[in-house]
Every structure is written in C-alpha cells, then in structure tokens.
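Fold and geometry: a report
Listed below, chain by chain, are the residues.
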Amino acid sequence: SQQGEEDPQALSIQEGENATMNCSYKTSINNLQWYRQNSGRGLVHLILIRSNEREKHSGRLRVTLDTSKKSSSLLITASRAADTASYFCATDARIDQGGKLIFGQGTELSVKP
Amino acid sequence: EPEVTQTPSHQVTQMGQEVILRCVPISNHLYFYWYRQILGQKVEFLVSFYNNEISEKSEIFDDQFSVERPDGSNFTLKIRSTKLEDSAMYFCASRRDRLVAKNIQYFGAGTRLSVL
C-alpha cells in the first residue's frame, strides 16, 4: 500500500526564513497534494500537483514532484508566524477506487516571530 | 465560502455505546469521505461514498462501522459498539469533481470522539 512519509517531523524557524518539507511515497500516484492543519482543526487544502507535473507555485508556496524518486517537497517562502501548523502530504491512486487520500505523518512547523 | 460542517465537535461516550457522527458536506459535492486521526498519528482513510453506496472502505471500517446519507444533505458515520481504541478525531470530507486531476477534498473541522 502507498504511504507518505514526511521529513522533518518537526521544523522550527524564524519569521522571514524559508521552510522546506519533504514527502516520500511508495506506489504510483495520480496526484500529490499538501494539506495544512492548525492545532485541533480540520485539514485545509493548499496545493495539488499532478503526476505529470514537476513544479507548481501558489503564492508563497512552491511544490516539486519527482516521480522517479517518488518524492515531493513543499517550500514556504518568507514564512510568517501564522504559517505555524502541521503540514501533510497526501497521495491518491486510481480514481475508480473512490479517490481516497493516503496521508503522511506530517511535519510540524513552528515559525517564531 | 461553502464549508463542510461536522457535529458534534466533541462526543464523549462509554465503551459499548453506539455513536453517530454527523456531517453536512458542501451542497453540490458528489463524493463523501470519512477519515480518522488518532492523537499524534496520521490521518487514516475509513470509507468513501458515492451515488448512495460505499465506493471503498479500509480495514479499519469493520462491521461496527456504517455510513448513511439519509437525506440530500447529511452524511453520517455510525459506530455500533464503541471501543477504547475508537477514540480519535473523525473528519468528514467531500469532493465535487470526478476528474482525476481535481481530487481536492474539503474537510470539516472534525469530531473528537472520546470513549471511556
């Protein structure tokens, strides 16, 4: 079964610095997505990258995907204290299976003002 | 902005009791999901639901679990006889598009289930 694993598990940076989180997975995917979770809250979709894409940008977010290495990275530039949250990658396989998402363990990001 | 709504936000129950977790997905969405997150662990898929039937279920989703869409708006998860290990945050999610490229799921804030 596919499985996302993020590293680092925890990351602490100063406001204004860039934060990079990595994710690896095991099986072929259709898409890879990144979600954010504030403490005790639901998951918020950040960005989706398709398996035939290599890089995608959205505001201060930059996602890369390397299907040969089965890995992805999420870069948050010019971080803010409000970016403090847990970040999860999630993959999906064949859509006819219902589109279930397989989540990684997450990276807990702390941005200090 | 439309959102997925879950009630209650926190449910406390005794072991062996039945619980029903409720969700109101976004109104024009067609696919519905339940996930759970045990404290400190990753989010796990439980079940997907489309066209009034289960599309896929995980090993966690055993005979004690069931889902229902009793009307046009609600989507419920029932646990028939709760166990201590069912304690977790349960998330409902919905998705509009069938297209592979648009499998973006919108999550509710979750119901924290505490089994005593």
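The structure this text deals with has already been given above.
A brief look at the structure comes next. What you see is a predicted model; the values in this text were computed from it and never measured. (Residues numbered from 1 in each chain as written. Chains lettered and ligands numbered in written order. Predicted model: local features only at pLDDT ≥ 70, side-chain atom pairs only at ≥ 80, totals over all residues. Heavy atoms only, no water.)

1. Looking at the overall build of chain B
Each helix and strand in chain B was counted, giving 0 helices and 11 strands. For chain B, the sequential pattern of α-helices and β-strands runs β-β-β-β-β-β-β-β-β-β-β. For a compact globule of 116 residues, the expected C-alpha radius of gyration is about 13 Å, and chain B comes in at 14 Å, within 12% of that figure. Across its three principal axes, chain B shows a C-alpha extent of roughly 40 × 30 × 30 Å. Within chain B, the proportion of its 116 residues that are buried is 46%. Counted over contacts in chain B with a minimum sequence separation of 6, partners at least 24 positions apart contribute 55%. Element-wise, carbon and sulfur atoms account for 47% of the exposed surface of chain B, whose accessible area totals about 5,900 Å². Of the side-chain charges in chain B, 13 are positive and 14 negative, and the distance between the mean point of each set is 3 Å. (Helix = DSSP H or I, 4+ residues; strand = E, 2+ residues; numbered from the N terminus. Rg over C-alpha atoms; globule rule 2.2 N^0.38 Å. Buried < 20%, exposed > 50% of the residue type's maximum accessible area, 1.4 Å probe, protein only. Contact = heavy atoms within 4.5 Å. Areas by Shrake-Rupley, 256 points an atom, 1.4 Å probe, with all protein chains shown as cover. Lys, Arg positive; Asp, Glu negative; His and termini not counted. Charge placed at Lys NZ, Arg CZ, Asp CG, Glu CD.)

2. Details of the state of the cysteines
Note on terminology: disulfide describes a covalent bond linking the sulfur atoms of two cysteines. Residues and elements named next belong to chain A. What the rule picks out here adds up to 2 disulfides over all chains. Disulfide partner of Cys23: Cys89, at an S-S distance of 2.0 Å. Judged by the torsion about the S-S bond (65°), the Cys23/Cys89 disulfide is right-handed. Separated by 66 residues along the polypeptide, Cys23 in strand 3 (residues 19-24) and Cys89 in strand 9 (residues 85-92) bring together distant segments of the chain. We note that Cys23, like Cys89, is buried. (Disulfide = S-S within 2.5 Å.)

3. Some details on the packing of aromatic side chains
All chains considered together, the criterion is met by 14 aromatic pairs over all chains. With centroids separated by 5.3 Å and ring planes inclined at 40°, the aromatic side chains of Tyr35(B) and Phe107(B) adopt a geometry described as tilted. On the criterion of sequence distance, the pair formed by Tyr35(B) in strand 4 (residues 31-37) and Phe107(B) in strand 10 (residues 106-107) is long-range, its members being 72 residues apart. Pair check on accessibility: Tyr35(B) and Phe107(B) agree, each one buried. Every member of this aromatic cluster is reached through a ring pair, and the members are Tyr35(A), Phe88(A), Phe103(A), Tyr33(B), Tyr35(B), Phe45(B), Phe91(B) and Phe107(B). Its guanidinium or amino end placed over the ring of Tyr31(B), Arg95(B) lies 3.9 Å from that ring's centre, counting from NZ or CZ. (Phe/Tyr/Trp six-rings, centres within 6.5 Å; stacked < 30°, edge-to-face > 60°. Lys NZ or Arg CZ within 6 Å of the ring centre and 35° of its normal.)

4. A look at the interface of chain A and chain B
The interface of chain A with chain B comprises 26 residues on the first partner and 22 residues on the second. A buried area of about 2,000 Å², summed over both sides, lies between chain A and chain B, and 54% of it is on carbon and sulfur atoms. Linking chain A to chain B there are 1 salt bridge. Residues Lys100(A) and Glu56(B) are paired through a salt bridge, measuring 2.9 Å at the closest nitrogen-oxygen approach. Connecting chain A to chain B are 8 residue pairs in polar contact (both at pLDDT 80 or more). Secondary-structure elements contributing two or more residues to the side of chain A that touches chain B are strand 4 (31-37), strand 5 (43-50) and strand 9 of chain A. Of the residues assigned to the side of chain A that touches chain B, the class counts are 7 nonpolar, 14 polar and 5 charged. (Buried area = accessible area lost by both parts, 1.4 Å probe. Salt bridge = Lys/Arg side-chain N within 4 Å of Asp/Glu carboxyl O. Polar contact = N/O pair within 3.5 Å; in protein donor to acceptor, adjacent residues only side chain to side chain. Nonpolar A, V, L, I, M, F, W, Y, C, P; charged D, E, K, R; others polar.)

By themselves these figures say nothing about function.
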